[in-house]
Amino acid sequence: MTAKAALFITVLLVWQPLYGQPGASFLRLGVNEGLSQNSVREIFQDRQGFIWIGTGDGLNRYDGIQIKKYRQSFRDKSSRRFPGKILNGRIHEDAAGDLWMIVDGKLVKMNVATETFTIIRPIGGDLEHVIIGMEGNHVYVMNAAGVDVVNIADRSVEQIHQPDVIGFYQPTKNESFLLFRKGNSIFRLDPKTKVSRQVLTTGPDSLYAAAVSKSSVLITTGNKVNEYLLPSGKLATSYLVPETLRNKDLSPFLKAPNGDIIATVPGNGIVRVDSIKATFHHYRNIENDPFSLSSNLIYTAIIDHTDNMWLGTEGGGISRLSLRERLFEGFPDVIRTKSESSFMMVKSIYHDEGKIYVGTYGKGLFIIDRETMAHRVTFDPAHRTDAGFGGVFFIRKDDRGRVWMNSGEEIGVADPGKGIFIISAHIPYIRKGKRHNIPQCFAQIGQGRYIVGTVQSTYLVEEKNNQLKLTDLGLVNDQLEGDVQTIFVRHKGDLVIGKGEGEGFIVVRLTKEDEPVIIEKGLQGLAVKYIYRDKLRNAWWYATNLGIIIRKDDGAKEILIDEESGLSNDFIYSIIPEDDHVFWVSTNKGINRILFEKDGSLKVRAIEQYATQHGLQSNEFNTGGYFKDSNLIFFGGVTGINWFDHRKFVKRSFTARSYITDLLINDKPLDVDSAANFLENVRLNYKENNLQIKFATLDYTNPSVNQYLYRLTGYDKTWVRAGSNPDARYSRLPHGNYRFEIISSNSEGVWTAPFSLLSITISPPFWLTWWFRIIAAFTAASLIFFLSRFYLKRKMEKQMRIIEQQLAVNNERLRISRDMHDELGTGLSKIALLSEVGKNDKMPGKNDRIINEISDTSRKLADKMGEIIWTLNPRNDTLSNLAAYLKEYIYETTESLPVEVRFHFPDSLPDLSLGHMIRQQLMLVTKEALNNALKHSGASLIDFYLTIEDESIVFSVKDNGSGFDAGKTDQQVNGKKNGLLNMRSRMASVGGHYALETKEGIGTQVRYGITI
């Protein structure tokens, strides 16, 4: 089949809508998109907006982005698994938002919030069992024999034997009826009282099929589709079925919100009855057409909240069709041909009386009926007898209403319908040796005077006596040569010419002799594709390859609107005003709608972007491909044209809700008992700080073009643009409180207000909690207090030691002073006194005695001085030095006396430092004990012991003398103080111990020492 033949058949189908599929482009959803099975038995939209899909292999939930499957598991029999395989019939939602369904012959309730399933009871194993309604605690299940009423409370079943039940009707909250057909009439049955009465009758017309649709009954007869209102039973609308659909067993299914009626044709697709035009549109599967119905066997149909029709099929998955009026109309059919590159590269557009004239690059002039889409081609280059170029680059009307256009290098007044020129002239195709000198733009500058811009120059066209005269102005002034893209005529007749190839624009004034004079140049280095005069703001707008440049007449700074300002692309082809404050621009990446503040300033309020996802023929548009006719705006691109009524873009609203669809913490699903879309608050510990949040806006018209902005307040400073990928990721979030918010737009580019989806709290580690900080502060304060106290105590102890040392030194000085005074002073005084006596005494014998006594006293003084020096010398502080000193002292003292002295010392002594105070006291006690033994005991044997016992140093002086009564030690003997008390006090002063053992006639032993 040739392309022309295929196009002809398409036109026939458009002209016969009863049999064709005008503008119907179904989108499919099946196993390849993630559905569990292509046999779809039920489709249901819950109150949140999620689509639930029952198949022969479990339940699916669709959010427009991803499909979540609930399937049976052999291993897992928990309530979180789907309790069977096949979902029979319809899904119903109760007042709590839970879903009710029949699965493998069992009545099942799904708690949507916890995603758990509960089997209520068996209800029948065949596919004829269908839930038709719910009231309070009762579920109504229709079957071939009638209706089973299941009491949810006690799980009992009451059977109502009433054949031919067509549905469930609930006029009020506390009132419900079963509707059944009988003959040509519809009756209602009260399931409580079992009383029935007739609601309506079709009269002589045979009732073929009926369905309940909220507050009406839809009925098909042999040749009509009727709607009867409930409860009155009055006929509301009636549509005559066309001959082509009669005897097709047409069965009504539901009524769309816009009033259209959807009916099935068993095994042969579906029919939509247009309630406004009263036309029937039959949708069927067409082989090798991916935009037709996916299967002709329809199980179920619904209309969602955003006017999309969903059809569940056998083997074809789901087919979805938007019932909304398109924002953008297109030719060729936008969805079906958007992948066909360069089908018709549009270079010019004109619209008049419902006809669209589209000039193409090399396929002639298309004339399209805007209503029927029927088209034909004139000025087809294939019909040219020469080999010239056949592009149509401009179509315009002059002040006399005549159409001016070009076909290749030929320009003139034409009859587009007939494909002929009435008056024409040829612009040289070859100019100055260069080919392709094709006309590109056209402007009228006066009566019978026109300007034509070509790829190489600028021409003045004068019409006289039905003939056209051409003047090449580029030959007069070479600045009018070059690639002329657009021409704007100022009110005084001056020409503003935009040029390509980086030549900017020039302003030209023609003299009376038609000589061109350049009076202004600008934007050199840029290509100027379009020029617009903004009268409100007294400014010139230039569409360039680097954005829109606006120059005000007062010489103020230029204003640039480009991608950084919010445009989809910097390469601008045209600027079309909707009004003084809203402008449409075509680019190399879709079309944009620029909204300015209404105060007359050039402050941009918003920029809306539209691309192929929104129904455009292509993202790339063309120079010259634009036109405005009243409220209609036309744009042409590389594969066709789009047009729209700009009033559709005013006061649009978008009410679809958005939800969290998945929440992953550290790359794992959040372990909670609630589904993600029911979460409002989440509390995490400080280690759970890597988040992935998936979300969706439940508008299914064209989910792939829904746009998203999101932010995590408390972390994000600005909105994050997610495009059409609603997936937010955050890594290593610090502890704190956050709120996840989104803004979304639907397929029409309408944005919602900011919406908060989830509050998140990440708890701090315990060392950053308030209670830990209080404890830590208290602990630190206590530590500081005790450390300070310890420091002060140590400092005071150190100072006390210093003071004690000073006192000890002072005491030692006092002792030394006292000893020297007592011992040395007394001896020296004695020596001085004896010397004086010796000098005055003349008796020789007595002088010898005095000299001897002086000598003895001097020796004692020397010994005492040595004892003091030995005591003060720190090198003598060891135990061994003390032992040696005492042994030597005892030996020297007893050497000339008739007393035997025995020493009992260990072979080796530990290297112990005693300190001079301890050493002195031990020495003095030893001397006292030895002196008492020699002076008072009359002993012949003295034993001197030094032992180490239990960490103590023990000295002992034992004699075999006369002993004495220990009870008299505190008494004075011969008027002198007993020295025994003095020994006890000496040992006590250094923390030592002292013991005395004595008895008259046995001897005495003195034990003393210190603890090591």
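Naming follows an unreviewed UniProt entry, where the protein chain appears as Histidine kinase of Terrimonas ginsenosidimutans.

Caption draft 1: Structural view of the environment of Thr360. The topology assignment puts Thr360 in strand S31 (residues 355-360). The buried category is assigned to Thr360, whose relative accessible area is 0%. Along the primary structure Thr360 and Ile349 are separated by 11 residues, whereas in three dimensions their C-alpha atoms are 9.0 Å apart. Contacts of Thr360, omitting those with residues within four sequence positions, involve Met344, Met345, Val346, Lys347, Phe366, Gly391 and Val392. One polar contact links the side chain of Thr360 to the main-chain amide nitrogen of Lys363, over a distance of 2.9 Å.

Caption draft 2: Structural detail: the packing of aromatic side chains. Counted according to the given criterion, the structure contains 56 aromatic pairs. Summarising the aromatic geometry, the rings of Phe328 and Phe644 are spaced 5.3 Å apart at their centres and angled 80° between planes, so their arrangement reads as edge-to-face. Of this pair, Phe328 sits in the loop between strand S28 (318-322) and strand S29 (329-331) while Phe644 sits in strand S56 (residues 641-645), and the two are 316 residues apart along the sequence. Each member of the pair, Phe328 as well as Phe644, is classed as buried. Considering the side-chain rings of Phe695 and Tyr710, the 6.0 Å spacing of their centres and the 70° angle between planes classify their relative orientation as edge-to-face. With Phe695 in strand S60 (residues 691-697) and Tyr710 in strand S61 (residues 707-713), the pair connects residues that are 15 residues apart, well separated along the chain. Phe695 sits in the buried class, given a relative accessible area of 1%. The buried category is assigned to Tyr710, whose relative accessible area is 10%. By way of ring pairs, the aromatic residues Phe328, Trp584, Tyr610, Phe621, Phe635, Phe644 and Phe649 are connected into one cluster. In this arrangement the basic side chain of Arg61 is found over the ring face of Phe50, its NZ or CZ atom lying 4.2 Å from the centre.

Caption draft 3: Layout of a nonpolar patch on the surface. Nonpolar side chains collect at one region of the surface, where Tyr686, Phe766, Trp767, Trp770, Trp771, Ile774 and Ile775 lie side by side and expose about 800 Å² of accessible area between them. For Ile774, the position within the fold is in helix H4 (residues 770-840).

Caption draft 4: Fine view of the UniProt feature "transmembrane region" (unreviewed entry) in the protein chain. Listed under "transmembrane region" (unreviewed entry) in the UniProt record, and renumbered for this structure, are residues 770-792. Along residues 770-792 one finds 100% helix and 0% strand; the C-alpha atoms at either end are 32 Å apart.

Caption draft 5: Expanded view of the sheet that holds strand S30 (residues 346-352). In spatial order, the strands read S30-S31-S32-S33; together these 4 strands make up an open sheet with antiparallel pairing. The sheet terminates laterally at S30 and strand S33 (375-378), the two strands that pair on one side only. The mean angle between the axes of side-by-side strands here comes to 20°, regardless of whether they run parallel or antiparallel. Of the pairings in the sheet, the one linking S31 to strand S32 (residues 365-369) comprises 5 bridges and is antiparallel in character. Along S32, the bridge assignment pairs Val358 with Phe366.

Caption draft 6: Region of the structure containing the nonpolar core. With 32 residues, the main nonpolar core has Ile953, Phe955, Met987 and Tyr1008 as its most contacted residues. Elements represented by at least two residues in this core include exactly helix H6 (879-894), helix H7 (916-937), strand S67 (941-949), strand S68 (952-959), helix H8 (979-989) and strand S70 (1003-1011). By residue number, the principal contributor to this core is H7, which donates 7 residues. Discounting residues that sit within four places of it in the chain, Met987 has contacts with Leu922, Val925, Gly992, His993, Tyr994, Tyr1008, Gly1009 and Ile1010. Within the second largest apolar cluster, 31 residues are counted, among which are Ala539, Ile550, Ile576 and Phe596.

Caption draft 7: Molecular detail of the packing of H6 against H7. Interhelical geometry of H6 versus H7 gives an angle of 25° and a closest axis separation of 11 Å. With respect to each other, H6 and H7 are oriented roughly parallel. Where H6 crosses over H7, the two elements pack in a sense that is right-handed. Contacts between H6 and H7 involve Leu882, Tyr885, Leu886, Tyr889, Ile890, Thr893 and Thr894 from the first element and Arg919, Leu922, Met923, Thr926, Lys927, Leu930 and Leu934 from the second. When its residues are assigned to classes, the contact of H6 with H7 shows 9 nonpolar, 3 polar and 2 charged.

Caption draft 8: A look at the pairing of strand S38 (residues 439-446). In the sheet, S38 pairs with strand S39 (residues 449-454) via 6 bridges, with the strands oriented antiparallel. What sits directly across from Pro439, in S39, is Thr454. From the end of S38 to the start of S39, which pair antiparallel, there are 2 residues, and Gly448 there has a positive phi angle of about 70°.

Caption draft 9: Just the confidence of the model for the protein chain, in detail. Taken residue by residue, the protein chain gives an average pLDDT of 87. The fraction at 70 or more is 89%. Counting interchain partners and residues more than four positions distant, the pLDDT-below-50 stretch residues 1-21 has 27 contacts. In this model, residues 337-342 is a region of pLDDT below 50 whose contacts with residues beyond four sequence positions or in other chains number 7 contacts.

Caption draft 10: Spotlight on the sheet that holds S38. With antiparallel pairing, the 4 strands of this open sheet are ordered in space as S38-S39-S40-S41. Since the sheet does not close on itself, it has two edges, and those belong to S38 and strand S41 (467-472), each with one partner. Strand-to-strand twist across the sheet, computed as the mean angle between neighbouring axes with direction ignored, equals 25°.

Basis of the calculations
Residues numbered from 1 in each chain as written. Predicted model: local features only at pLDDT ≥ 70, side-chain atom pairs only at ≥ 80, totals over all residues. Heavy atoms only, no water. Helix = DSSP H or I, 4+ residues; strand = E, 2+ residues; numbered from the N terminus. Buried < 20%, exposed > 50% of the residue type's maximum accessible area, 1.4 Å probe, protein only. Contact = heavy atoms within 4.5 Å. Polar contact = N/O pair within 3.5 Å; in protein donor to acceptor, adjacent residues only side chain to side chain. Phe/Tyr/Trp six-rings, centres within 6.5 Å; stacked < 30°, edge-to-face > 60°. Lys NZ or Arg CZ within 6 Å of the ring centre and 35° of its normal. Patch = residues over 30% accessible without salt bridge, like charges linked within 9 Å, V, L, I, M, F, W, Y side chains within 5 Å. Areas by Shrake-Rupley, 256 points an atom, 1.4 Å probe, with all protein chains shown as cover. Salt bridge = Lys/Arg side-chain N within 4 Å of Asp/Glu carboxyl O. UniProt positions renumbered as here; feature names shortened; annotations may be inferred. Pairing = 2+ DSSP bridges. Axes fitted to C-alpha atoms, helices over the stretch in contact; angles between N-to-C directions. Core = buried A, V, L, I, M, F, W, Y, C linked by side-chain atoms within 4.5 Å. Parallel < 35°, antiparallel > 145°, perpendicular 65-115°, else oblique. Left-handed = near helix turned anticlockwise from the far one by under 90°. Nonpolar A, V, L, I, M, F, W, Y, C, P; charged D, E, K, R; others polar. pLDDT = per-residue confidence, 0-100.

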